[in-house]
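Remarks on the overall topology
The residues making up each chain are set out below.
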Amino acid sequence: TLKNTTCAVIYIFGVVLLMQNGDKMFGKATNNIIGAMSILMLFCLSAAVVGWLTFGKSVTLFIQKKINDGLKAAVYSISWLGLYTVLAFAILVLA
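Here's what I pulled together on the structure shown here. (Residues numbered from 1 in each chain as written. Predicted model: local features only at pLDDT ≥ 70, side-chain atom pairs only at ≥ 80, totals over all residues. Heavy atoms only, no water.)

**Focus: the overall build of the chain**
Along the chain, the regular secondary structure elements total four helices and zero strands. Its helices and strands in sequence order give the chain the pattern α-α-α-α, from N to C terminus. Relative to the 2.2 N^0.38 estimate, which gives 12 Å for 95 residues, the radius of gyration of the chain is 17 Å and therefore markedly larger than a compact globule would have. The burial tally for the chain puts 17% of its 95 residues in the buried class. In the chain, the proportion of contacts linking residues at least 24 apart, taken out of those at least 6 apart, comes to 66%. Summed over all atoms, the accessible surface of the chain reaches about 7300 Å², with 75% contributed by carbon and sulfur. (Helix = DSSP H or I, 4+ residues; strand = E, 2+ residues; numbered from the N terminus. Rg over C-alpha atoms; globule rule 2.2 N^0.38 Å. Buried < 20%, exposed > 50% of the residue type's maximum accessible area, 1.4 Å probe, protein only. Contact = heavy atoms within 4.5 Å. Areas by Shrake-Rupley, 256 points an atom, 1.4 Å probe, with all protein chains shown as cover.)

**Quick notes on helix α4 (residues 67-94)**
Because an α-helix packs 3.6 residues into every turn, residues spaced three or four apart end up facing the same way. The end-to-end C-alpha distance of α4, which contains 28 residues, comes to 40 Å, matching closely the 40 Å that a straight helix rising 1.5 Å per residue would cover. Those residues of α4 that sit buried are G70, A73, A74 and S77. Buried residues along α4 sit in contact with α1 (2-20) and α3 (32-63). (Expected span 1.5 Å × (residues − 1).)

**Some thoughts on the packing of α1 against α4**
Contact pair α1 / α4: the axes reach a minimum separation of 9 Å and the direction vectors enclose 40 degrees. Classified by the angle between their axes, α1 and α4 sit oblique to one another. Crossing of α1 over α4 shows right-handed handedness. Residues L2, T5, T6 and V9 of α1 pack against S77, W80, L81 and Y84 of α4. Grouping the constituent residues of the contact of α1 with α4 by class yields five nonpolar, three polar and no charged. (Axes fitted to C-alpha atoms, helices over the stretch in contact; angles between N-to-C directions. Parallel < 35°, antiparallel > 145°, perpendicular 65-115°, else oblique. Left-handed = near helix turned anticlockwise from the far one by under 90°. Nonpolar A, V, L, I, M, F, W, Y, C, P; charged D, E, K, R; others polar.)

Next comes the structure, spelled out in structure tokens:
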């Protein structure tokens, strides 16, 4: 779960870099509909990727009837993601 949550944080960092440098990479959006659609599609893709990375192991364990292990994996994943979130806010406060 630490490995998957770390991958989720790395993915989130990549999306942030893309969003911060989008103008440099793609130029100014001249078609507002396509620009808005691209952002919404990225949001949906991100929800799917981070959801899979965070809860994929838990769901697999549930399907294998390992309910307690699945619950533990979900709690650990959420805890790691929470810790990463606290660290990110701590960096913001200290910077």
